[in-house]
Amino acid sequence: FAYGLDFKQALQDYVKLSGPIPMLPKFALGLWYSRWFGYSDLEMRDIVQQYEDRGIPLDVLVLDMDWHTTFYGDAWWKMEKDQAGQQKGWTGYTWNEDYFPEHSKLFDWCDKKGIANSVNLHLGSGVQPTEDSYAVLAEYAGIDPETKKYVPVDFLNETWVDGFFKHTLHGSVGEGIDVWWVDWQQGEGPEMLGDSGTSPGAGAPNPTFWLNYLTHQDRRWDTKGLRSLILSRWGGLGSHRYPVGFSGDVIQDWSSLEFQVVFTATASNVAFAYWSHDIGGFMLPVDPELYVRWVQFGTLSPILRTHSSRLNAEYNLRDVWSFPPESQNALRRAMLLRAELFPYLYTGARIAHLTGVGLSRPLYYEWPEEEDSYTVTSEYMLGEDLLAVPVTKPIEPTRGVASVDVYYPPGVWASWEYGEIAEGPWSQKTIVNLEDMLLFARGGAVVPVDMHRGGGKGSHDHSSRLDLRVFPGGSRATTVYEDDGITKEHENGAFAETKVEHEHSGNSRVIRVHASHGEFKGMSPVRAVSMVILGCGEPTSVSATVGRKAAQSSHTFDVRALVVKVEVPDVNRSQELLVNVQCEDVSRQARSSRIWRGALKAKRTLDNAFPVVLPEQFRAVTVLSQSPSRVMMGKTTLAQELAQQEELLAVAELEIRAIKLMSKRRQLTALAALGIDEQIGVGYWIFDTDLSSWVGTILNGFFGLVTRFSFVRHAFERACIALNENRLFGREY
């Protein structure tokens, strides 16, 4: 048991002794929607439809305690107790038919859309006389139902537990539940497990741990051959066997988000691979910028579940459409990235199952000799090939962007979006806007992705396609894992693996997709293969062979992003696919690519600024941003565009500086997009820091109190436009 710095081997031996991390059902790695509100069947259907209308795949729909009778009203606010001494209505197992007259139809409807269902359970009050299953459970406990005495919990009594699951959870609550949310809050003493005389007193296990075990081992899933899944609190060492963990009711602030980053990664030290947080915090309304950053972190963590409280319900929302337009765009982008990463995350889940090394893990697992691996806690490895750096600081008021210290561990790293190269060990201060996420791949990595998952429906079958994102900076290999995603047949060898190798040498990119090994029910024997190859110059030749024969293929080149996309249809899994791409020298086009992308980002900033900014006021920005489109459509040549690039760039900078935006913050954001980053002496968004007039002082002070609310921000911006138009008090604001 002496491992030195070989942390991965230590974890592998730990799970050999204590039990493996289970394979999650595939849907668990998608997007979860949850909230503690009063809601109805129709409202939940509308929420699902709203996600579908926005093209955001939703995977799990969670019903908090309002699915059952709750006795809100006077009994709730007077803290009226039930017979177990708990708040009346906190525990419940009988459907609230005012909200859910036919809950089974809701579950069937969700199932057809590929969405899993979960309900919240507070188990502490046993079974009260008001529950549908009371009479039969009373008989199990030897209680005369006519007495209306409640049935206490007795979770150490196997007969009672069997009856509780059969008649209450499976009977009253019913079929169609894919995840039990075990929201235990009733205490941690052994007496909480039961009082029928069968409990061994102080020798009883921790209630949270024991309830996690019982619900995760629910025989209903076993009899159907399905993988089990719960959502519950940490029960101590060994809890990795009963995922997923629920971290409780977290607060809404930046320090909470920052803490969750290191907390989630270091949980892998005890093989607790799957923490689920209340993304956005729980109790209070959340600032739009903070919520975006929280969702971005959730996207790059093991479980992505949004949640909020019924308190301040009108404003305490986590729906994408409840936030300002710029936040909606960033949220949708993050959630679509989560859908894209699905095959990579699922392969990582298989690695966690086999090795005990979680999806999210600290840097020192990979670089135990590097001191920075222990001191840099703001980033972590996501699986074998990705480095995640969540943004946990707000946008700087005077710059319109956030500044993030990025540490690149030893080796070559390529940015997720464009494949831009950095070599570590190295630290760099990076500026990001609201939509930006800092995600990097190892040089040469091949990441399995899903380029076609969307439309808002939770679809988990990827076997008819193999989509690969291929990064520059070296040569590397991966093995893509697949199974049916829901049953335990993988334990009997029902799965497939495909090795993929990538060689990057000079201007040559060679990707070899080996023949698949293994099979599972529903696996397609033939599939289309798509490759997005980043960091390429314009291709001079592209070829594909299957076996030893030339294969039908097509390719496109994005001159703005420097990406070659190759499509090969109808590839038999039993044969090897070889794709060879020869490119022009990418270094000649790299700077132009960055300028064009920056111009497009600047144009979007200006477009979204406010209606009175007219396109002719930033014509050079627009022309510059459209350079790649003109080349790809054959309207002009690359040489012609490069010849006018520097002049357009200079004019674009002047245009941005001349535009009267709602706030200097957006002007600064547009300049930063062009690569022009500067500090300007302005106050938070609008006001000069040295305002000495009494109007400026009052406005500055009041604005500081209300900047957390976006609608007030916009109102103040409009007010300042009016002030500027009238030059009130002879000065500009």
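Residues numbered from 1 in each chain as written. Predicted model: local features only at pLDDT ≥ 70, side-chain atom pairs only at ≥ 80, totals over all residues. Heavy atoms only, no water.

Further remarks concern the pattern of salt bridges. Overall, the coordinates contain 29 salt bridges when judged by the stated rule. Residue Arg 305 is joined to Asp 278 by a salt bridge in which the shortest nitrogen-to-oxygen separation is 2.7 Å. Of this pair, Arg 305 sits in strand 8 (residues 304-306) while Asp 278 sits in the loop between strand 7 (275-276) and helix 10 (288-299), and the two are 27 residues apart along the sequence. Neither Arg 305 nor Asp 278 differs from the other in exposure class; each is buried. Arg 573 serves as the salt-bridge partner of Glu 482, at 2.9 Å between the closest nitrogen and oxygen. Within this pair, whereas Glu 482 is found in strand 17 (residues 476-482), its partner Arg 573 is found in the loop between strand 25 (563-572) and strand 26 (577-583), the two being separated by 91 residues in sequence. By the burial criterion, Glu 482 is buried, and Arg 573 matches it. (Salt bridge = Lys/Arg side-chain N within 4 Å of Asp/Glu carboxyl O. Helix = DSSP H or I, 4+ residues; strand = E, 2+ residues; numbered from the N terminus. Buried < 20%, exposed > 50% of the residue type's maximum accessible area, 1.4 Å probe, protein only.)

Right, let's talk about the sheet that holds strand 9 (residues 360-361) for a bit. Each strand in a sheet pairs with another by means of backbone hydrogen bonds, the pair being arranged parallel or else antiparallel. Reading across from one edge, 9-10-11-14-12-13 is the order of the six strands in this open sheet, with antiparallel pairing throughout. Where the open sheet ends on each side, the last strands, each with one partner, are strand 9 and strand 13 (421-432). Strand direction decides the pairing type here: strand 9 and strand 10 (residues 380-382), joined by two bridges, are antiparallel. Residue Arg 361 lies in a different strand from strand 10, and its bridge partner there is Met 381. (Pairing = 2+ DSSP bridges.)

Strand order across the open sheet formed by five strands is 15-16-21-25-24, with mixed pairing between neighbours. Here the strands that pair on one side only, and so sit at the sheet edges, are strand 15 (446-449) and strand 24 (554-558). Pairwise comparison of adjacent strand axes, ignoring direction, gives a mean angle of 20° for this sheet. Of the pairings in the sheet, the one linking strand 21 (residues 526-534) to strand 25 comprises eight bridges and is antiparallel in character. The residue bridging Val 529 from the neighbouring strand is Val 568, located in strand 25. (Axes fitted to C-alpha atoms, helices over the stretch in contact; angles between N-to-C directions.)

This paragraph deals with the packing of aromatic side chains. In this structure the tally under the stated criterion is 32 aromatic pairs. Judged by centre distance (5.3 Å) and plane angle (85°), the ring pair of Trp 181 and Phe 246 falls under edge-to-face. With a gap of 65 residues between them, Trp 181 in strand 4 (residues 179-182) and Phe 246 in strand 6 (residues 245-246) connect regions that are remote in the sequence. Note on accessibility: Trp 181 and Phe 246 belong to one class, buried. An aromatic cluster is present here, built from Tyr 39, Trp 67, Trp 95, Phe 100 and Phe 107 joined pairwise through their rings. When the ring centre of Trp 181 is taken as reference, the NZ or CZ atom of Arg 305 above it lies at 5.9 Å. (Phe/Tyr/Trp six-rings, centres within 6.5 Å; stacked < 30°, edge-to-face > 60°. Lys NZ or Arg CZ within 6 Å of the ring centre and 35° of its normal.)

Moving on, we come to the pairing of strand 21. Among the nine residues in strand 21, eight count as buried, and that is most of the element. Relative to strand 21, strand 16 (residues 465-470) runs parallel, the two being bridged by six bridges. The partner of Leu 466 across the bridge, within strand 21, is Val 529.

This next bit is on the nonpolar core. Ranked by size, the top nonpolar core spans 121 residues in total, and within it Phe 155, Phe 164, Trp 180 and Tyr 274 carry the most contacts. The residues touching Tyr 274, leaving out its near neighbours within four places in the chain, are Ile 21, Pro 22, Leu 24, Leu 29, Pro 243, Val 244, Gly 245, Pro 302, Ile 303, Ala 349, Ala 352 and Leu 359. Judged by nonpolar contacts, the second largest core, of 45 residues, contains Val 446, Val 470, Leu 577 and Ala 599. (Core = buried A, V, L, I, M, F, W, Y, C linked by side-chain atoms within 4.5 Å. Contact = heavy atoms within 4.5 Å.)

Neither face of strand 15 is left uncovered, since the one carrying Val 446 and Pro 448 and the one carrying Val 447 and Val 449 both have all their residues buried. Alignment of strand 15 against strand 16, held across four bridges, turns out to be antiparallel. Paired with Val 446 across the bridge in strand 16 is Val 470.

To continue, consider helix 12 (residues 342-355). Relative to the 20 Å expected for 14 residues at 1.5 Å per residue, helix 12 spans 20 Å between its end C-alpha atoms, a close match to the ideal helical length. Among the 14 residues in helix 12, eleven count as buried, and that is most of the element. Looking only at helix 12, the buried set comprises Phe 342, Pro 343, Tyr 344, Leu 345, Tyr 346, Thr 347, Gly 348, Ala 349, Arg 350, Ala 352 and His 353. In this fold, the buried residues of helix 12 make contact with helix 11 (325-340), strand 10, strand 11 (386-389), strand 15, strand 17 and strand 18 (495-505). Taken from the residues just after helix 12, Gly 356 is the one with a positive phi, measuring 85°. (Expected span 1.5 Å × (residues − 1).)

Below, the discussion takes up helix 4 (residues 103-112). Given 3.6 residues per turn, any residue in an α-helix points the same way as the ones three and four places further on. Within the span of helix 4, buried status applies to His 103, Leu 106, Phe 107 and Cys 110. Projection of helix 4 onto a plane perpendicular to its axis shows the buried side chains occupying an angular sector of 95°, all on one side. The outward face of helix 4, more than 90 degrees from its buried face, is lined by the exposed residues Asp 111 and Lys 112. The inward-facing, buried residues of helix 4 contact helix 2 (41-53), strand 2 (60-63), strand 3 (116-121) and helix 6 (158-173). After helix 4 finishes, the residue Gly 114 shows a positive phi value of roughly 75°. (Arc of directions from axis to C-beta.)

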